[in-house]
Amino acid sequence: MFRNTKLSRTAIAVAMSIGMSTAAMAQVTSSGMTGSIVGPQGNPAAGTVVTVTHEPTGATKTVTVSANGTFNLTGLRVGGPYTIKLDSESLNDETITGVFLTLGEDYPIEVALISDQDVERISVTGSRMSSVAFGKNSPATTFGIDTLENVPAINRDITDILRIDPRVYVDEAGQNSIQCAGKSPRFNSLTVDGVRLSDSFGLNSNGYPTERMPFSFDAIEQVAVELAPVSVIYGGFTACNINAVAKTGTNEFHGSAFYDYTNDSLKGDSLEGDNIALSSFNEKRYGFTVGGPLIQDTLFFFAAYEKLEGNNLFERGATGSGAVVEVELTQAELDEIASISNTLYGFDPGGIPASLANEDEKLLIKLDWNINQQHRASFTYNYNDGLNFNQSDGDDSEFEFEKHLYERGAELTSLVGSLYSDWTDSFSTEIRIVNQELDNRQNSRAGDGTIGGNDFGEIRVELDNVDVYLGSDDSRQANDLNWEQFGLILRGTYYFDNDHTVTFGYERDELDVFNLFVQHTETEIRFDGIENFRNGFADAIYYNNAPSGNPLDAAADWGYAVNSLYIQDNFYLTDDLSVTAGLRYEWYTSSDAPAENAQFVEQYGFSNSGTIDGEGLLQPRIGLNYTLSDNTELRGGLALYSGGNPNVWLSNNFSNTNVTQFGARGRDYGYTDGSRSLFDADVVYSGLEAGVPNGPGYGVPSEMFDAVAGGTGANFEVNYLDPGFKLPSELKLTAGMTHLTDSGYVFDVDLIISRTYDAAIILKGDLVEEGITDNGYIDYASPNIDSFKLTNSTADSTSLSLAGSMTKSWDNGIQLTTGYAYSDAEDSQPMNSAVAFSNYQFRAYTNPNEQVSSLSDWNIEHRITVDFRYTVELIDGLQTRFSAFGLSQSGSPYSRVLENGNSEFGFTPFLERFDSGSGAVLPIGSSRNSFESSWWTKVDISVRQDIPAFAEGHSANVYFIVDNFTNMLNDDWGVLYEAPNTVRIGDTTPETRQGDASQWELRFGVQYKF
């Protein structure tokens, strides 16, 4: 029988609301089609021939309607337009045009054919309704080409688009990381054309494997954010999956070119009445796309190139400098430190960081081959190389000279080959092979960019309120990362005559890692005050290296593979209720293990060489979609997810064994008790590079050098995997509704309740509880060698997200989408670093080894967004497009901690957190992240004006974009204040003004299309 499902009821209602024909509706949901074709009385129109044509390439697929009136097609290109022809020998033929597809769920075609004598030939038109979310069974938002081309995307990044969803917070004061429903950005997954392009190692907080988005903005046709997709083909995340679709070539040559520009005169120079000292800079971006046929109707190409030539700006300065952020020290103190460094240590620390040139280059080439009607292949090459200059110690209580900054860059090469095949009308397959290589570099400004070529170590001068850093950052003295990933996807879909569509497959992702990370290979020396720095009296000296003196011998060279098997069934349980149910099983294999530490085995009774080899997890998933009425549908789901945990956490176990590298401390040789100066005549320095001064910073005190060479000394903590480690997972329960009013307003509401199990955390493995202090804190002892344990939290975390949105389009050219999201997300540890040491240290607690679920560092409790667009012809025949994006959101959470928390413990196992070593200890009875920074409200705008083009069929426009237009109108508006994660009790000004996010910025551009 002919179902009254989402296509025939709700979707047709949407079609009516925008003036469409009601005979067919193109729901933008997937790269496949399923259909039900019946006759006038609802009887199956068996034998009807369905021909689907992708108009831009001429690719066609033909299928015959089965005995029960159904058909299925998979492997269709995303986008469109498509034309669907229904050819029946006994009934009137029908043609549906203007159909557009996207990744997600199958596009439903349900048509009742009528007899020839009742009506003339019918031709109906579909619609590109990407903003209308009918047919979903999970919370997701898809953004089409209209959004990509018109919203104020000043960064030319999908983050500019995804932030329209109120559940997605983009950290504009940081690295533009994407935070979904209060979850860590490290737990996201990014896929492009179904291939994972995430940060496979987990080093970056922006979620990309590279410094910026690794593909050209103009290469993207659509992008979606999926917070709990029930399809079993998705894996490798627990927060959200971000899915982008690349454009393709067509039978017509087409392309575009753009250029945009900004400089320091187009950026705000005052905030809240304060004049801001801006660094001089110029930034330009340019690029092009081109596509067309290599062989008409058969072979097509598409290419997209983009280049950035810009600057990293640094907004910190001494008190009275006029910098955006003034740090509590004087210019005279900085001048004195620089003078001592130059004259006594023989090292020029550089000036005050202001502006450093950066760049980014990306190229995507895509080939599509229509082999025949049954087989289609594609090949995609993607390249990205970019760099930034970063601060390493940029907290409010820290200040860096320029040469303490470091270059952070990455070069990515990705190759993807795909084959789509229809073997019968019922059975189709996909085969995909992926190879990706990444070369990550982190080079100190004080060095020459080679391993061991930094020459001068890190010096830290501790003033009353600020620590001043110069020399090579301790974490960039021997730092190199390369990884290679191989992926295989084998997927099949079988369509049964009883309307069941079964998807099944096997996937394998192999990752091989070379990770060199040895801190202090050129030493780190700390001085308590300027006079001690002048006189060479250190209060701490650190040195680490491989015994050979070559840090490459301490590199971690390891790998693993994750395998996945899955099966899923999609069917209608009733005429109005569709069900998607499936199972996904993932398991890990690895033949590599960390080097075993004999002392660790003796003291702990087990080996530090454990791995995740053999660990697996079964992930059941189910999703529902129910058509309640012509205007309303309901959805819900329950699904388990795993993945997204950064591999760098595992890599630490290979690097930090106290077998391949060793450490020494100056305190063990009389260098930090005030009895010896580093300038004393009896101090002998070893490890000096050719031609450098013989002294501290350039050399290592010989006692420390010899201790490391001999495999002895005050070693660092051994990192190891808990022998009982389980794969972390997250269970998500979702419920949602879409409702269309008679006047054309579309309302969406979604609820997500999630439960995190076995979250990965870092604990000190050597601690033993000895009792309770007088103030109620646990007293610890450490009877074994120091260690950090990667383990699972025993405290499960519950999170909640409730979001709603409204969308409406008017005939006068106005489009409006508004949204609100409430979030209450929890975790056991924020795990916001790549290093075990830092993950354990940078958080607040009453017990450093506690396992307590608290509010997430990434939670934004309230978030309101507005996407407004208006198109009008101010000049006859030339459109003007106005667009504005506004947000108003509550602040990030933080904790209030004790002034001198270390004094609460008989043993200080949690390392130092503040300059005084006070730690991040909460008062008894307090919770982590119980305070909140101030709300932030701002509006971004863009205006695009069409101008005459050079030829018919071409188009051109000039545009400008203003980031934080509110601040341009009034320098008191749009100002962002944030507090760090931990703030001492009694601090009356915990929040700091975030300059770059607060200042308005204007960018001009021009675009040409042909």
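What you see is a predicted model; the values in this text were computed from it and never measured.

Can you break down the packing of aromatic side chains residue by residue, with the values?
Summed over the entire model, instances satisfying the criterion amount to 31 aromatic pairs. Ring geometry for Y543 and F705: centres 6.1 Å apart, planes at 20°, overall stacked. Here F705 lies in helix α8 (residues 702-709) and Y543 lies in strand β33 (residues 540-545), a separation of 162 residues in the sequence. On the basis of relative accessible area, F705 is assigned to the partly exposed category, the value being 24%. Centroid distance Y870 to F882: 6.2 Å. Interplanar angle 15°. Geometry classified as stacked. One end of the pair, Y870, is in strand β52 (residues 862-875); the other, F882, is in strand β53 (residues 878-889), with 12 residues separating them in the sequence. By relative accessible area, Y870 is classed as partly exposed at 27%. Here F882 falls in the partly exposed class, since its relative accessible area comes to 30%.

Describe the sheet that holds strand β54 (residues 893-897), listing the residues and the values that go with them.
With respect to topology, three strands assemble into an open sheet ordered β55-β54-β59, the strand pairing being mixed. Looking along the sheet, the strands with just one partner apiece sit at the ends: β55 (931-932) and β59 (982-984). Sheet topology places β54 next to β55; two bridges connect them, and they run antiparallel. Its bridge partner lying in β55, Y894 is registered against F931.

Tell me what's going on with the sheet that holds strand β7 (residues 107-112), and back it up with residues and numbers.
Across the sheet, which stays open at both edges, the three strands sit in the order β4-β1-β7 with mixed pairing between neighbours. Edge strands, defined here as strands with exactly one partner in the open sheet, are β4 (70-73) and β7. Neighbouring strand axes in the sheet, compared pairwise and without regard to direction, differ in orientation by 15° on average. Here strand β1 (residues 33-38) runs beside β4; their pairing, made up of four bridges, is antiparallel. Of the residues in β4, the one forming a bridge with T34 is N72.

Talk me through the UniProt feature "domain: TonB-dependent transporter Oar-like beta-barrel" (unreviewed entry) in the protein chain; I want residue IDs and the actual numbers.
Those places that UniProt annotates as "domain: TonB-dependent transporter Oar-like beta-barrel" (unreviewed entry) correspond, in this numbering, to residues 246-309 and 357-873. End-to-end, the C-alpha atoms of residues 246-309 are 24 Å apart, and along that stretch the chain is 0% helix and 62% strand.

Summarise helix α4 (residues 331-344); cite the residues concerned and give the values.
The first and last C-alpha atoms of α4 sit 20 Å apart over 14 residues, in line with the 20 Å expected at 1.5 Å per residue. Taken as a whole, α4 has its buried residues at L334, I337, A338, I340 and S341. End-on view of α4: buried residues confined to an arc of 160°, all on one side of the axis. When the buried face of α4 is taken as reference, the exposed residues oriented beyond 90 degrees from it are A332 and T343. Contacts from the buried residues of α4 go to β21 (316-318), β25 (398-400), β28 (458-462), β29 (467-471) and α5 (530-535). At the C-terminal side of α4, G346 shows a positive phi close to 70°.

Could you give an account of a negative patch on the surface, with specific residues and numbers?
Together, E437, E484, D512 and D557 make up a negatively charged patch on the protein surface. Inspection of the secondary structure assignment puts E484 in strand β30 (residues 479-495).

Explain the pattern of salt bridges residue by residue, including any values.
Overall, the coordinates contain 55 salt bridges when judged by the stated rule. Close ionic contact of D467 with R460 constitutes a salt bridge, the shortest N to O distance being 3.0 Å. Here D467 falls in the buried class, since its relative accessible area comes to 1%. The exposure class of R460 is buried, given its relative accessible area of 8%.

So what's going on with the state of the cysteines? Residues and values would help.
For the coordinates displayed, the defined rule picks out one disulfide. The residue that forms a disulfide with C180 is C240, at a sulfur-sulfur distance of 2.1 Å. Residues C180 and C240 share a disulfide whose torsion about the S-S bond is about 45°; that sign makes it right-handed. Highlighted residues: C180 in strand β11 (residues 178-180) and C240 in the loop between β14 (220-226) and β15 (241-246), separated in sequence by 60 residues.

Any chance you could break down empty space enclosed by the protein for me, citing the residues and the numbers?
Taken as a whole and assessed by the stated rule, the structure comprises 11 cavities of 30 Å³ or more. Lining the largest cavity are 44 residues; nearest its centre among them are G236, G643, G644, N645 and N647. When residues of the lining of the largest cavity are traced back to their parent elements, those giving at least two are β12 (189-192), β31 (501-517), β34 (556-574), β35 (577-589) and α7 (648-655). If one sorts the elements of the lining of the largest cavity by residue count, β31 sits on top with four residues. Reported here for the second largest cavity is a volume of approximately 260 Å³. Lining the second largest cavity are 23 residues, and of these F187, E730, T756, A759 and D827 sit closest to its centre. Among the elements of the structure, β42 (729-740), β44 (760-764) and β50 (826-827) are those that each provide at least two residues to the lining of the second largest cavity.

Here is what the cut-offs are and how they apply
Residues numbered from 1 in each chain as written. Predicted model: local features only at pLDDT ≥ 70, side-chain atom pairs only at ≥ 80, totals over all residues. Heavy atoms only, no water. Phe/Tyr/Trp six-rings, centres within 6.5 Å; stacked < 30°, edge-to-face > 60°. Helix = DSSP H or I, 4+ residues; strand = E, 2+ residues; numbered from the N terminus. Buried < 20%, exposed > 50% of the residue type's maximum accessible area, 1.4 Å probe, protein only. Pairing = 2+ DSSP bridges. Axes fitted to C-alpha atoms, helices over the stretch in contact; angles between N-to-C directions. UniProt positions renumbered as here; feature names shortened; annotations may be inferred. Expected span 1.5 Å × (residues − 1). Arc of directions from axis to C-beta. Contact = heavy atoms within 4.5 Å. Patch = residues over 30% accessible without salt bridge, like charges linked within 9 Å, V, L, I, M, F, W, Y side chains within 5 Å. Areas by Shrake-Rupley, 256 points an atom, 1.4 Å probe, with all protein chains shown as cover. Salt bridge = Lys/Arg side-chain N within 4 Å of Asp/Glu carboxyl O. Lys, Arg positive; Asp, Glu negative; His and termini not counted. Charge placed at Lys NZ, Arg CZ, Asp CG, Glu CD. Disulfide = S-S within 2.5 Å. 1 Å grid on protein atoms, 1.4 Å probe; cavity = no way out; pocket = protein on both sides within 12 Å on 5 of 7 lines; lining within 4 Å. Points joined across faces, edges and corners; volume = space filled by probe spheres on them.

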